[in-house]
Amino acid sequence: MRPDLHASRSLLEDLKLFCTVVRKHSFSATAAELGVSNAFVSKRIAVLEQTLGVRLLHRTTRTLALTDHGTVVHQWALRIQEDVDQLGEAISQKGSTPRGLLRLCTSSGFGRNRVGQAVSALARKYPELEVQLELLDRPIDLIAEGFHLDIRVGQVQEPHLIARRIARNQRVLCAAPAYLERHGMPRQLAELAQHQCIVIRERDQDFGRWKLSGPAGEETVRVKGALSTNNGELVHQWAIDGHGIILRSIWDVGRSLDDGRLARVLPDYAQEADVWAIYPARLGTTANVRVCVAFLEEWLNAS
């Protein structure tokens, strides 16, 4: 008996659509991303539920949540998609050439200032690659959200993921000369607690708690100030405007330090914040991830 290839193909496509619905938390957002109608998305989810014989989603006018069965199906669907991708990779005569979809994410500031430029160069070199880049200033569940690759500045804490360092980086303390003239230059790390510090809520940083390495090893200081945000570019600009001391990556503030708009504070102190490429172990051998990581490493260290 021949397998029903059409039915198998439809099931794979519906599982892929289902994963997109889970990732986007919305039928309408899924429809917009895929270029189809809301009615089409709703119909295919209904067909998938009928095929599997279970309800996958709790739906109201405002919310969408996975049922217990939906959670199990979503986990398997992600695994199946990865296996299908690797199957295509294994039988392709050009397995070393990246092609098809690559979903990657990074933080907004690093994405706009560095990764976006690198992706532009990557797209020129590999025209068969379809890249979706999302800029997210929040913790990422790489597998559940369907990303192939996360380019992260700072700490890596997930033991189930592969992390490859692709560039060295550190965060440094700095402020505008005008601020330092008004408030004085700190001489010890503990003095930061008496200064206006502009704090940022980023993926790997405790809000208002700065941990730095210096002459006495690693030290921590609790800081506060009148201004705070979750956007690194605002923090940078507020520091230039003279509102306080910031802790920012060299890649971000290097030019401002060079042209004198900012000055180093406590130059013997810094925070390690290397750039990492993070991806699920099962994707480590795929051409899309492998080539992209190597390209980003070369590009970031050359630029």
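The preceding data block contains the structure.
Residues numbered from 1 in each chain as written. Predicted model: local features only at pLDDT ≥ 70, side-chain atom pairs only at ≥ 80, totals over all residues. Heavy atoms only, no water.

Draft legend 1. Layout of the overall build of the chain. A tally of helices and strands in the chain yields 9 helices and 15 strands. Once the C-alpha set of the chain is aligned to its principal axes, its extents read approximately 80 × 45 × 35 Å. Within the span of the chain, comprising 303 residues, buried residues form 45% of the whole. Sequence separation of at least 24 residues holds for 72% of the intrachain contacts in the chain that already meet a minimum separation of 6. Looking at the chain as shown, the accessible area adds up to about 16,200 Å², and 51% of this sits on carbon and sulfur atoms. (Helix = DSSP H or I, 4+ residues; strand = E, 2+ residues; numbered from the N terminus. Buried < 20%, exposed > 50% of the residue type's maximum accessible area, 1.4 Å probe, protein only. Contact = heavy atoms within 4.5 Å. Areas by Shrake-Rupley, 256 points an atom, 1.4 Å probe, with all protein chains shown as cover.)

Draft legend 2. Representation of the pairing of strand β9 (residues 209-214) within the structure. Here 6 bridges tie β9 to strand β10 (residues 217-222), and the two strands are oriented antiparallel to one another. Opposite Arg209, over in β10, you have Arg222 as the bridge partner. Following β9, the chain reverses through 2 residues before pairing antiparallel with β10. (Pairing = 2+ DSSP bridges.)

Draft legend 3. Up close: the packing of aromatic side chains. Inspection of every chain in the model, using the stated rule, returns 1 aromatic pair. Just above the ring of Phe147 sits the side chain of Arg103; from NZ or CZ to the centre is 4.2 Å. (Phe/Tyr/Trp six-rings, centres within 6.5 Å; stacked < 30°, edge-to-face > 60°. Lys NZ or Arg CZ within 6 Å of the ring centre and 35° of its normal.)

Draft legend 4. Summary view of the nonpolar core. Judged by nonpolar contacts, the single largest core of 27 residues is most densely connected at Phe110, Leu149, Ile151, Ile166 and Val275. Mapped onto this core, the elements with two or more residues apiece are β3 (100-106), α5 (108-125), β5 (149-153), β6 (161-167), β15 (275-280) and α9 (287-302). Ranked by the residues each element gives to this core, the list is headed by α9, at 7 residues. Beyond its immediate chain neighbours, meaning those up to four positions away, Ile151 contacts Leu104, Cys105, Thr106, Ser107, Phe110, Val115, Ile166, Val275, Trp276, Ala277 and Leu296. Among the nonpolar cores identified, the runner-up in size contains 18 residues, and Leu15, Leu17, Val21 and Val22 belong to it. (Core = buried A, V, L, I, M, F, W, Y, C linked by side-chain atoms within 4.5 Å.)

Draft legend 5. Here's a closer look at the state of the cysteines. On inspection of all chains with the given rule, the structure shows 0 disulfides. Free of any disulfide, Cys105 has its nearest cysteine sulfur in Cys292, 11 Å distant. Free cysteine Cys197: the closest other cysteine sulfur is in Cys174, separated by 11 Å. (Disulfide = S-S within 2.5 Å.)

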